[in-house]
Amino acid sequence: MRRPVTVALAAALFASALTTMSAAADLSPADFVDPLIGSAGDGNTYPGATAPFGMLAWSPTSTRGDQTSTGAANGYQYDTTRLRGFSLTHVNGAGCNPGAAGDVPILPFAGDVTSSPTADTTDAVYASNFSHADEAATPGRYRLGLQNGVTTDFAASERTAIGTLTYPEGKPASLLFRTSNSLNGSEDAETHIDPANRTVTGSVLTGAFCGRRANGGVNNRKSYYRLYFTARFDQPVTGAGTWRDATLQPGGLDQTGGEGYATGKDRAGRGSGGYVTFAPGSKVTMRIAISYVSLEGAERNLRAEQPAKSTVDSVAAKTKQAWNTELNRVQVNGGTAGQRIVFTTALYHSLQQPNLVSDVDGQYLGMDRKPHRVEPGQDAQYSNFSGWDQYRAQVQLLALLEPRVAGNFAQSLFNYAKQNDGVWDRWVHVNGATHVMTGDPSAATIATFYAMGVRNFDYRGAFDSLYRQATVPRPEGLQDGGCPGQCVGQRPNLAQYLVSHYAPNDVCHCWGGAAETLEDAVADSAIGHFAELLGRPREAAELRARGAYWRNVFNPETGYTQARNLDGSWVTPFDPASDRGFAQGSAAAYTWMVPQDVSGLADAMGGKATAVTRLDAFFHDANGNWQLKGGGPLKYDPTNEPDIHAPWLYNELGQPWKTQETVRQLVNSVYTTGPSGLPGNDDLGTMSAWYVFAALGIYPRTPGTGELLLSSPLFPSAVVRPAAGAPIRITTSGSGKYVADVRRDRRPQAGWKLDASFLRTGGTLDFRLSETPTAWGT
C-alpha cells in the first residue's frame, strides 16, 4: 500500500490562512512559495530541496521509458510521474532538453537487485511511479512517497542533504547509486562501497551542457567537471553490489565506467553504479555531500554543514530560515492569495542562482580544470551563468537585493575568464565554457553590477579584461565550431566587425549577424557606461559610439532590423517573421531590442507616433485584442528574452500609460499559480525576476546603468530591504492600473525614470493610481 506523505502541499495551507489577515500574519515568506510553479509546460523548474544559491539540489530525475533521456529539460516535468532516482544537482529553468547536471540519480528500490540497472534501458524495472498526492515541496525540503512503497523526506543545506528513507515491511530494501547516469551522460564514473563504515562514495566526470541540441550541440559533448559525493547511513548495510554496462556483480564494492554523450541506442546499456541493501522495513537516514574538487572536499562539506546531531527537521528549519532571510528582502502587503504565491515564488526562483561551486574551505575547480582557492576578499566562488538571459533582469535583481553575492559572482566570472585565456564565456556551467547563445552578456552584467553600486570585486581588472575582449580579435572568432547555437568565438569575427560596424551574416561565424550586432551594441553601450564611471573617457567614447551600431542593421526600406552581407547588401528574401540572421527570434521581435537608444529607434521608424502604432500591433491582434502568450513570430512572446523589455518601451515613446496597462496585463494573465504558472523557460530566474520587478512597478532601464523605469505597482505596499544599502518603500493609493501621480520622498516625480542615485540612497515611492489612463509621465 502506498504510504502518503503526511504534510499537505503548502498552497492549501496558506490559501486558507489568507482568509484572515491575522492568520496571514502567522505565515513566513517561505510559506508562500510553491516550488511546483513552472514545473509543467516549458518552465523547466524543479521542485526539490535546495538552499539559496545552493550547490546541491535534491530533486527527482524522471523517465518516460528511455534511460538516456528524461521527461524534462532539467529532470522534472509535472506530467511525468515516473522517476529513476533523486539527483544531487539541478539547474533552474534552462531551455534545452536535457539541460545540465542531474548528477548521480539515487533510487530507493523495494526489491532485490537481480540484474544490471544499466541494462534496464527502458526503466521498466529500476524506476518507480508516484502520485502528486504524495508529494510536498517547500523551500529547502522535498517529500515524496513512491508507488514502490518507499517514502522519502529530504532537506538540503548549501552543499549537503539529509533525508529519511522508509522502506515497506516484508520487502527487500535497496538503494541504487546510478553514478554514471547524469542527464547528458558521462565520460567516466566511479563508485566505492564500504559496508563496514556504512558509506558509499564516488564521482562522475561529466558536463555537456545542451550537448544534444541540434544547433551546435555536438561541439559540447565533452566533460569539464567531476562531481564527488559521499553518502553515510545510520543503519547497517546488509548487502552490496555494483554493475557496469550489462554485468551485475553481487558483492562488488568498486566499479568504474561512463556512458558517453550520445543518446538513444547509441548510449543505451552503458554505464556503472552500485547498490546497498538494508533490513526489510528499515527507516534509514542518509547524509550526503558533494564537491567539485575532491572526495575530501565533500567530506569536509558534510562535517561543516551537518553537525553530528543534525536531523531532517533541523536542517530543514535552518534552510527555511535562510530562505526567509532572502525572501524578506522584498516584503509585499495586500493582494490576493494567488498574487502573493506567484510573487514570492518568483522571488524564490530568482534567488536560486548563481550557485555555489566552492567548498567550505574556499577551494573550487577552475575553468582550466585545476583546483583554485577564492581570491582575497571573495567569500565564495559562484557559477551557472545563463548570460544571454540573465543580463536583462535577473542580475539587476541580484545586485539590488544581494550586492555582496553579486560582487562574489562578478569576481567568480572574472576568475574563470583569467583561467580561460582571458575569454568571458556567455554561458558558464559549473566551470565549463559552453558558448551557448550569442552576444557578450558578461560585459553587460559586470557593467550593470558596477553601475548599481556593487564594489566587492576587482572591477578595474574586470573592465580591462572585458575591454580587451571587445577590442582585440582572437583566432577562435573565425571558427564555426559549435555554430550556430554554441559558437566558440565570444566576439565572432571581431576584426571584421570593427571594420564593418556590424556582423556580416555571410562571414560572421555566429548564430545570426543581425542578432549578434544588436547584442554587441547593448554590451558595448554597457561597458561604455562602465568606462565613464571609472573615469576612462577615451574608452567610454569609443564604446558608447559602438552602442549605436544597431543602426547599421536597421533597414529603413523595410522598417525592421535585418541581416546584412559583407558587401553591405541586405540578406534577402526578407520576412519579418523569419529568424534568418537572428537567434531564437524573428526580425519583428528583435527590432525592439535597443534598450540603450529607444528614442533613436523611434526616429529610425519615422517618429514616436509611428513606433507606438507598431508597438501596439506587437501586443495586439488586428481587432485590438491582447496577444501576449506567444502568438507567432510577429507578436510579443513573453518567453523569449529579446522581447521582454518591449512592454516598458512605451515610457520612452511618450505614452507611459501603455506600459502600465501592458505590464499589468502580463502580470495578471501570463504568470499564474500552479505548475503551468510560468510562461516559458525560467532561464535561471530571468522570467521570475521580470515578474518581481513588474509587480513592484519598477524595471531596469538599460544594461550598464542603475536607472529604473516606472509602472504601476501590483500590491498596495512593498518594502525592499537590500542586504546592504538603504530600504525602498513603495506604496499605492487609489485603485486601477494607471499612474496618476508619483512622489519620490514626498516630492513630485514628474518622469517615468528614476536616476541611479535612488538605488544608492533608497527612499519612498508613493503612487496614486487611476482607473483610466492619465497624462502622468508624458
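Residues numbered from 1 in each chain as written. Predicted model: local features only at pLDDT ≥ 70, side-chain atom pairs only at ≥ 80, totals over all residues. Heavy atoms only, no water.

Undergrad: It is not clear to me how the overall build of the chain should be interpreted in this structure. Could you clarify?
TA: Counting its regular elements, the chain contains 20 helices and 35 strands. Scored against the burial criterion, the 778 residues of the chain give a buried share of 66%. Long-range contacts, defined as pairs at least 24 residues apart, comprise 71% of the intrachain contacts of the chain with a sequence gap of at least 6. (Helix = DSSP H or I, 4+ residues; strand = E, 2+ residues; numbered from the N terminus. Buried < 20%, exposed > 50% of the residue type's maximum accessible area, 1.4 Å probe, protein only. Contact = heavy atoms within 4.5 Å.)

Undergrad: When you look at the side chain of S174 in this model, what are you seeing that I'm missing?
TA: Following the sequence through the fold, S174 ends up in strand β9 (residues 173–177). Here S174 falls in the buried class, since its relative accessible area comes to 1%. Polar side-chain contacts of S174 include one of 2.7 Å to the backbone oxygen of G111. Among all residues touching S174, those that are not within four sequence positions of it are L107, P108, F109, G111, D112, V113, Y167, V276 and T277. (Polar contact = N/O pair within 3.5 Å; in protein donor to acceptor, adjacent residues only side chain to side chain.)

Undergrad: Which parts of the structure should I look at to understand the sheet that holds strand β32 (residues 738–744)?
TA: Either a parallel or an antiparallel arrangement is found when strands of a sheet pair, and the pairing is made through backbone hydrogen bonds. The sheet built from 6 strands is open, its strands ordered β18-β30-β31-β35-β32-β33 with mixed pairing. Taken across any chain shown, the strands that pair with only one partner, and hence form the sheet edges, are β18 (330–333) and β33 (747–748). Here strand β30 (residues 717–720) runs beside strand β31 (residues 728–733); their pairing, made up of 4 bridges, is antiparallel. Paired with A718 across the two strands is I730, which belongs to β31. (Pairing = 2+ DSSP bridges.)

Undergrad: Sorry if this is basic, but what is going on with helix α3 (residues 295–305) here?
TA: When α3 is considered as a whole, its buried residues turn out to be G297, A298, N301, L302 and E305. Taken around the axis of α3, the buried residues stretch over an arc of 140 degrees, which confines them to a single face. Elements that come into contact with the buried residues of α3 comprise β8 (160–166), β12 (223–233) and β17 (283–291). (Arc of directions from axis to C-beta.)

Undergrad: What am I meant to see in the sheet that holds strand β23 (residues 385–386) here?
TA: Pairing is antiparallel across the open sheet formed by 3 strands, whose spatial order is β23-β24-β25. Here the strands that pair on one side only, and so sit at the sheet edges, are β23 and β25 (432–433).

Undergrad: Help me understand the packing of helix α10 (residues 459–471) against helix α12 (residues 513–533), please; the structure alone is not making it clear to me.
TA: A pair of packed helices can be characterised by two numbers: the angle between their axes and the separation between those axes. Relative orientation of the contacting elements α10 and α12 amounts to 140 degrees, with a least axis distance of 11 Å. Classified by the interaxial angle, the pair formed by α10 and α12 is oblique. The two elements α10 and α12 meet at a crossing, and its hand is left-handed. Facing α10, whose interface residues are Y459, F463, L466 and A470, α12 presents D524, I527, F530 and A531. (Axes fitted to C-alpha atoms, helices over the stretch in contact; angles between N-to-C directions. Parallel < 35°, antiparallel > 145°, perpendicular 65-115°, else oblique. Left-handed = near helix turned anticlockwise from the far one by under 90°.)

Undergrad: Could you clarify how one ought to interpret the pairing of strand β14 (residues 247–250) in this entry?
TA: Remark: a regular strand shows side chains that alternate across the two faces of the sheet. Note: strand β13 (residues 239–244) against β14, 4 bridges, orientation antiparallel. Its bridge partner being in β14, T242 is matched across the sheet by Q249. Between β13 and β14, which follow one another and run antiparallel, lie 2 residues, and D245 among them has a positive phi close to 50 degrees.

Undergrad: Explain the confidence of the model for the chain here, please?
TA: Note that predicted coordinates carrying low pLDDT should not be read in detail. The predicted model of the chain averages 94 in pLDDT, with 96% of residues at 70 or higher. Note on residues 1–22: pLDDT under 50 across the span, and 38 contacts to partners over four residues away in sequence or across chains. (pLDDT = per-residue confidence, 0-100.)

Undergrad: Is there a simple way to explain the nonpolar core in this structure?
TA: If you look at soluble globular proteins, the nonpolar side chains tend to sit buried side by side. If you look at the biggest cluster of nonpolar residues, it comprises 204 residues, and the most contacted ones within it are L175, F177, F233, I446, F449, W690 and L696. With 10 residues, the single largest contributor to this core is α12. Not counting residues up to four positions away in its chain, the partners in contact with F449 are V395, L398, A399, A406, F409, A410 and V454. Listed in part, the 6 residues of the second largest apolar core include Y497, A503, C508 and Y549. (Core = buried A, V, L, I, M, F, W, Y, C linked by side-chain atoms within 4.5 Å.)

Undergrad: It is not clear to me how the pairing of strand β2 (residues 57–62) should be interpreted in this structure. Could you clarify?
TA: Burial within β2 is extensive, with 6 of its 6 residues counted as buried. Joining the antiparallel neighbours strand β1 (residues 49–50) and β2 is a turn of 6 residues, in which F53 adopts a positive phi near 60 degrees. The pairing of β2 with strand β3 (residues 82–87) spans 4 bridges and is antiparallel. Looking at β3, one finds that P60 is bridged to F86.

Undergrad: Would you mind going over the state of the cysteines with me for this structure?
TA: By definition, a disulfide links two cysteine residues through a covalent bond between their sulfur atoms. Here the structure, examined in full by the defined rule, presents 3 disulfides. Note on cysteine connectivity: C96 is disulfide-linked to C210, with sulfurs 1.7 Å apart. One quick way to see it: the torsion about the S-S bond of C96 and C210 is about -85 degrees, and its sign makes the bridge left-handed. With C96 in the loop between β3 and β4 (106–109) and C210 in the loop between β11 (199–207) and β12, this pair connects stretches of sequence that are 114 residues apart. Grouping residues by exposure puts C96 and C210 together as buried. Disulfide partner of C508: C510, at an S-S distance of 2.1 Å. Disulfide C508-C510: torsion about the S-S bond near -95 degrees, hence left-handed. (Disulfide = S-S within 2.5 Å.)

Undergrad: Whenever I open this one, the packing of α10 against helix α13 (residues 537–546) confuses me. Can you help?
TA: Packing of α10 against α13 brings their axes to within 12 Å, and their N-to-C directions diverge by 45 degrees. With respect to each other, α10 and α13 are oriented oblique. When the axes of α10 and α13 are compared, the crossing they make is left-handed. Listed contacts from α13 to F463, Y467, A470 and T471 of α10 are R538, E539, E542, L543 and R546. A class-by-class count of the residues in the contact of α10 with α13 yields 4 nonpolar, 1 polar and 4 charged. (Nonpolar A, V, L, I, M, F, W, Y, C, P; charged D, E, K, R; others polar.)

Undergrad: Help me understand unusual backbone geometry, please; the structure alone is not making it clear to me.
TA: A negative phi holds for most residues other than glycine; trans holds for most peptide bonds. A cis amide bond links Q353 to the next residue, P354, at an omega of 10 degrees. In this structure, P354 sits in the loop between α5 (337–350) and β19 (355–356). Omega for the peptide link from C483 to P484 comes to 5 degrees, which places this bond in the cis form. Positionally, P484 belongs in the loop between α10 and α11 (494–500). Phi at F53 is positive, roughly 60 degrees, even though this residue is not glycine. When you line up the elements, F53 lands in the loop between β1 and β2. Positive phi is not limited to glycine here, since V104 has a value of about 55 degrees.

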